[in-house]
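Architecture and fold: a report
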Amino acid sequence: MSSTLAQRLADVDARIADAARSAGRDPAELTRIVVTKFHPAQLVVDLAALGVRDVGENRQQEITAERAELADLDGVRWHFIGQVQTKKARAVRAASDAVHSVDRDRLADALHAADPDGNPLDVCVQVNLTDDPGRGGVAPAGTARLAEHIAARCPSLRLRGVMAVAPLGEAPAAAFTRLAASADAVRAVVPDAAWISAGMSGDFAEAIAAGATHLRIGTAITGARPAHG
Ligand SMILES: *Cc1c(COP(=O)(O)O)cnc(C)c1O
């Protein structure tokens, strides 16, 4: 018998609350983002009906299309969590309430230039916790400098904190400890940039223990993603 979306959501939320209490934290200070990538827009409608207020997407074409399709859906915040090509910055900004994956000056500049006098866009600096420079994210050593660039040069972006994905082949707790150091480095530049966007279906308890504020949870809530090309 397969579980329903409502059951999986309730189960994950109970596990989030347990992990928060184990870490001596208040579950109310955590934002649970449901990652709906590759699923049809109807999933966002179904989640909203269950009270979900934050959803995450990682492809520009998909978030743009879904926001157009769901233009009448109020009260949902759309988080962009994927790599962004600089030439897609304008479209990403237009479709997103927050962009977690700012990893270079040129992308920050392009997001700012897309709407320099518009409503501030919440952004995070994505930190690459792997040894592979080809992965998304700025190296930990470059985090503070990128934060300084955003703060000084991109007034329409509101720097909120850091984001990362734990590398495969390493205990997530160790990776999230490194991310906490990058979060401190960003807060030294922008003191109220307190978001730590970390934790996915397989490692959100470790992320909560390491101070995560924004959890990005897909399959544990949505079930398996549809096949994609
Ligand atoms: C897909 C994705 C997630 C969610 O992953 P699950 O393992 O399905 O929970 C979180 N963060 C990013 C950046 C992703 O691309």
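Residues numbered from 1 in each chain as written. Predicted model: local features only at pLDDT ≥ 70, side-chain atom pairs only at ≥ 80, totals over all residues. Heavy atoms only, no water.

As named in an unreviewed UniProt entry, the chain is Pyridoxal phosphate homeostasis protein, taken from Microbacterium lacticum. The Sequence similarities (unreviewed entry) field of the UniProt record for the chain holds the comment "Belongs to the pyridoxal phosphate-binding protein YggS/PROSC family." The chain has a UniProt comment under Function (unreviewed entry) that states "Pyridoxal 5'-phosphate (PLP)-binding protein, which is involved in PLP homeostasis." (UniProt positions renumbered as here; feature names shortened; annotations may be inferred.)

**Considerations on the site of the ligand**
Residues in close proximity to the ligand include V35, K37, I81, V165, M200, S201, R216, I217, G218, T219 and R225, which together make up its full environment. In this structure, G218 approaches the ligand through a main-chain N or O atom, which is 2.8 Å from an oxygen atom. Take T219: an N or O atom from its main chain is 2.9 Å from an oxygen atom of the ligand. Considering only residue class, the shell around the ligand consists of five nonpolar, three polar and three charged. (Near = heavy atom within 4 Å. Polar contact = N/O pair within 3.5 Å; in protein donor to acceptor, adjacent residues only side chain to side chain. Nonpolar A, V, L, I, M, F, W, Y, C, P; charged D, E, K, R; others polar.)

**A short note on the layout of surface pockets**
A volume near 420 Å³ is recorded for the largest pocket. Lining the largest pocket are 19 residues, and of these Q126, R135, V165, A166 and M200 lie nearest its centre. Residue classes in the lining of the largest pocket are distributed as nine nonpolar, seven polar and three charged. (1 Å grid on protein atoms, 1.4 Å probe; cavity = no way out; pocket = protein on both sides within 12 Å on 5 of 7 lines; lining within 4 Å. Points joined across faces, edges and corners; volume = space filled by probe spheres on them.)

**Quick look at the packing of helix α6 (residues 143-153) against helix α7 (residues 172-189)**
At a minimum axis distance of 9 Å, the contact between α6 and α7 shows a crossing angle of 35°. Crossing angle aside, the handedness with which α6 passes α7 is right-handed. Contacts between α6 and α7 pair T143, A144, A147, E148 and A151 from the former with S182, A185, V186 and V189 from the latter. (Axes fitted to C-alpha atoms, helices over the stretch in contact; angles between N-to-C directions. Helix = DSSP H or I, 4+ residues; strand = E, 2+ residues; numbered from the N terminus. Left-handed = near helix turned anticlockwise from the far one by under 90°. Contact = heavy atoms within 4.5 Å.)

**Description of the environment of V92**
Residue placement: V92 occurs in helix α4 (residues 89-95). Judged by its relative accessible area of 1%, V92 is buried. Residues V92 and F80, twelve residues apart in the sequence, show an inter-C-alpha distance of 7.6 Å. Once you skip the residues sitting within four places of it in the chain, V92 turns out to touch Q60, F80, V84 and V99. (Buried < 20%, exposed > 50% of the residue type's maximum accessible area, 1.4 Å probe, protein only.)

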